[in-house]
Amino acid sequence: MALFDAVDIIRVKRDGGALTPDQIDWTIDAYTKGVIKDEQMAALAMAIFLRGMDRGEIARWTDAMIRSGARMDFSGIGKPTADKHSTGGVGDKITLPLAPLVACFGVAVPQLSGRGLGHTGGTLDKLEAIPGWRAQLSNDEIMAQLGSGCGAVICAAGSGLAPADKRLYALRDITSTVESIALIASSIMSKKIAEGTGALVLDVKVGSGAFMKDLDAARELARTMVDLGRDAGVATRALLTDMSVPLGRKIGNALEVEESIEVLAGGGPSDVVELTCELARNMLDLAGVHDADVEAALADGRAMDRWRAMIGEQGGDPDAPLPRATHTHQLLAEAGGTVVGMDALSVGVASWRLGAGRAVKEDPVQAGAGIEIHAKPGEAVVAGQPLLTLHTDDEWRIERALQSLSGAIEIADGGSAEPRSVVLETVS
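Note that the coordinates shown come from a computational prediction; the quantities given were computed from them, not determined experimentally.

The rules we used
- Residues numbered from 1 in each chain as written.
- Predicted model: local features only at pLDDT ≥ 70, side-chain atom pairs only at ≥ 80, totals over all residues.
- Heavy atoms only, no water.
- Salt bridge = Lys/Arg side-chain N within 4 Å of Asp/Glu carboxyl O.
- Helix = DSSP H or I, 4+ residues; strand = E, 2+ residues; numbered from the N terminus.
- Buried < 20%, exposed > 50% of the residue type's maximum accessible area, 1.4 Å probe, protein only.
- Contact = heavy atoms within 4.5 Å.
- Phe/Tyr/Trp six-rings, centres within 6.5 Å; stacked < 30°, edge-to-face > 60°.
- Lys NZ or Arg CZ within 6 Å of the ring centre and 35° of its normal.
- Domains from an automatic or database assignment.

Details of the pattern of salt bridges
Thinking step 1. Evaluated as defined, the whole model comprises 32 salt bridges.
Thinking step 2. One salt bridge connects Asp227 with Arg223, and the closest N-O pair in it is separated by 3.3 Å. On the criterion of helical spacing, the pair formed by Asp227 and Arg223 is a turn pair, its members being four residues apart in helix H10 (residues 215-231).
Thinking step 3. According to the relative accessible area criterion, Arg223 is partly exposed, its value standing at 33%.
Thinking step 4. In this structure, Arg308 and Asp319 form a salt bridge, with 2.8 Å as the shortest nitrogen-oxygen distance. Of this pair, Arg308 sits in helix H14 (residues 302-313) while Asp319 sits in the loop between H14 and strand S7 (327-332), and the two are eleven residues apart along the sequence.
Thinking step 5. On the basis of relative accessibility, which here comes to 32%, the residue Arg308 falls in the partly exposed class.
Thinking step 6. Several salt bridges converge on common partners, so that one network encompasses Asp25, Arg60, Asp63 and Arg67.

Details of the side chain of Thr241
Thinking step 1. Among the structural elements, Thr241 can be located in strand S5 (residues 235-242).
Thinking step 2. For Thr241, a relative accessible area of 0% puts it in the buried group.
Thinking step 3. In this structure, Thr241 is in contact with Asp203, Val204, Lys205, Val206, Leu275, Val422, Val423 and Leu424, ignoring residues within four places of it in sequence.

Focus: the packing of aromatic side chains
Thinking step 1. Enumeration over the complete set of coordinates arrives at one aromatic pair.
Thinking step 2. The ring of Tyr31 carries the charged tip of Arg167 above its face, separated from the ring centre by 4.1 Å.
Thinking step 3. Here the guanidinium or amino end of Lys191 rests over the ring plane of Tyr169, the centre of that ring lying 4.9 Å away.

Observations concerning the domain arrangement of the protein
A common way to report how large an interface is uses the accessible area buried once the components associate.
Thinking step 1. Taken domain by domain, the protein comprises domain 1 (6-52), domain 2 (82-314) and domain 3 (327-412).
Thinking step 2. One C-alpha centre belongs to domain 1, the other to domain 3; they are set 41 Å apart.

Considering unusual backbone geometry
Most of the time, phi is negative for any residue but glycine, and the peptide bond is trans.
Thinking step 1. Positioned with a positive phi, Ser176 is a non-glycine residue whose angle comes to about 55°.
Thinking step 2. Note that Ser176 resides in the loop between helix H8 (163-174) and helix H9 (181-195).

Encoded structure:
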């Protein structure tokens, strides 16, 4: 491999130039090995954030990050594979009911997931609210669980997959370079391609509670990721979905497990059910299973049976009571009318401040902390009616959460909220 100098590579991108394939290969390899220091990669990340990358650069950057580590191979399990990735939002617990639902139709779901940071929750944090459940599995355990009657696994990604991304992800978080489309797309897709799935559906969130605040930026991110997947031989499709309002009615780790179980039992909030079923249909379609009746699998208990098997295989007790927070506080409506707005970001930050999330990756999270929503946009309320219930183990956190919620809920006398589908459009 040709040798380069980190300073020269930073300068090329700082000045708006395009990096060559050899420069990109050397950069990722050198960063993985510690030759390029964090402060130099931070400067390069900021240059990429400000100057962007063309499609060729993004594709090569993604490929170099995949080649920085191992790749998983599920060809031996005898089933097609499909996975889903969400760009993150408030109340987004869809992975929990989705993985067992898709597995009902003979498609294996290797869902390698992460932890929450800031106002967006992490799938592993949610599942760890279940007593006994473990996130760390060996490759052999993953393969056995996918090949068994269960057919679905949600666990932590091994350290060998795209190690360059692991380092860069942490660096982006502390250098305010997270929102770069080039860096988001390459980060997500390097991990998902290295994971070895045959089909991938991307849930790209749009709105105040998402990284992408507007439709055009979300569309560009979705298009970039779909192209990267297709170029790597992975059948890929993206759904742009609404994150201007929290998803579902429960936010926080144990609370979101609780709501996921409601969906698996054939109930649950309509927006969570809608998105779960739409993503399941798309995953199955890309994996070659067409016209699957996913609603029936929720209604007749098949998806619940898969859930119980999946949790049990990973040491969890699906019948154990979930943790509850020690303190609660209700936010009441000051006047009657119709809820016409609920800012997802404000609600997400409030849940984080209650202890459901973390500020830095080493922080612990409270399993029982979070928020229950009693009235969502389009619903009528009377003065004094509870709008939200706040849950936390630390009473002092309530005041800071209430500060975040100031002005977050809009109630209008005689107002109405336009009904809106969760799925805004599809990019394929």
